[in-house]
Amino acid sequence: QVQLVESGGGLVQPGGSLRLSCEASGLNFKTSAMGWYRQLPGQKREPVAAINSDGITRYIDFAKSRFTIYRDNAKNTVYLDLTQLRSGDTGIYYCNLANLNRANYGMGLYDYWGQGTTVTVSS
């Protein structure tokens, strides 16, 4: 079965940076588009960014200038670099299979979400 394991979250001060990782297994990672999503406190899960098998990327507006999505197929891993973090970025970040041509990148194409990794931005 597909397994998605997120890591890299933690406590960071405003303006700081983090690198989130998502290691995938149980799928052909090299041919799979992947996305990052997040759930802010009290809010529904929302898309952040996505990348397809050719390296084409998509970003939601709030992520365009501060976040970077990229992948390492040799490691079956997709990353999300977070910079200039704000308190409003605090939440749980998830990865999932994605479709760049669908609204919200499909909001995750695999039925089961991982546990995510928590990002806390606070002074």
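Summary of the structure given here. (Residues numbered from 1 in each chain as written. Predicted model: local features only at pLDDT ≥ 70, side-chain atom pairs only at ≥ 80, totals over all residues. Heavy atoms only, no water.)

Turning to the overall build of the chain, a few remarks are in order. Helix and strand counts for the chain stand at zero helices and ten strands. In the chain, the order of α-helices and β-strands from amino to carboxyl end is β-β-β-β-β-β-β-β-β-β. Relative to the compact-globule value of 14 Å for 123 residues, the chain shows a C-alpha radius of gyration of 13 Å, a close match. Counting only C-alpha atoms and orienting by the principal axes, one finds that the chain spans roughly 40 × 30 × 25 Å. For the chain, the proportion of its 123 residues judged to be buried stands at 44%. For the chain, the share of sequence-separated contacts (at least 6 apart) that also reach a separation of at least 24 residues comes to 58%. (Helix = DSSP H or I, 4+ residues; strand = E, 2+ residues; numbered from the N terminus. Rg over C-alpha atoms; globule rule 2.2 N^0.38 Å. Buried < 20%, exposed > 50% of the residue type's maximum accessible area, 1.4 Å probe, protein only. Contact = heavy atoms within 4.5 Å.)

Before going further, it helps to examine the side chain of S32. By secondary structure assignment, the location of S32 is in the loop between β3 (18-25) and β4 (34-39). For S32, a relative accessible area of 11% corresponds to the buried category. Side-chain polar atoms of S32 contact the backbone oxygen of N28, separated by 2.7 Å. The contact partners of S32, leaving out residues within four places of it in the chain, are L27, S53 and R71. (Polar contact = N/O pair within 3.5 Å; in protein donor to acceptor, adjacent residues only side chain to side chain.)

Just geometry here; none of it tells us what the structure is for.
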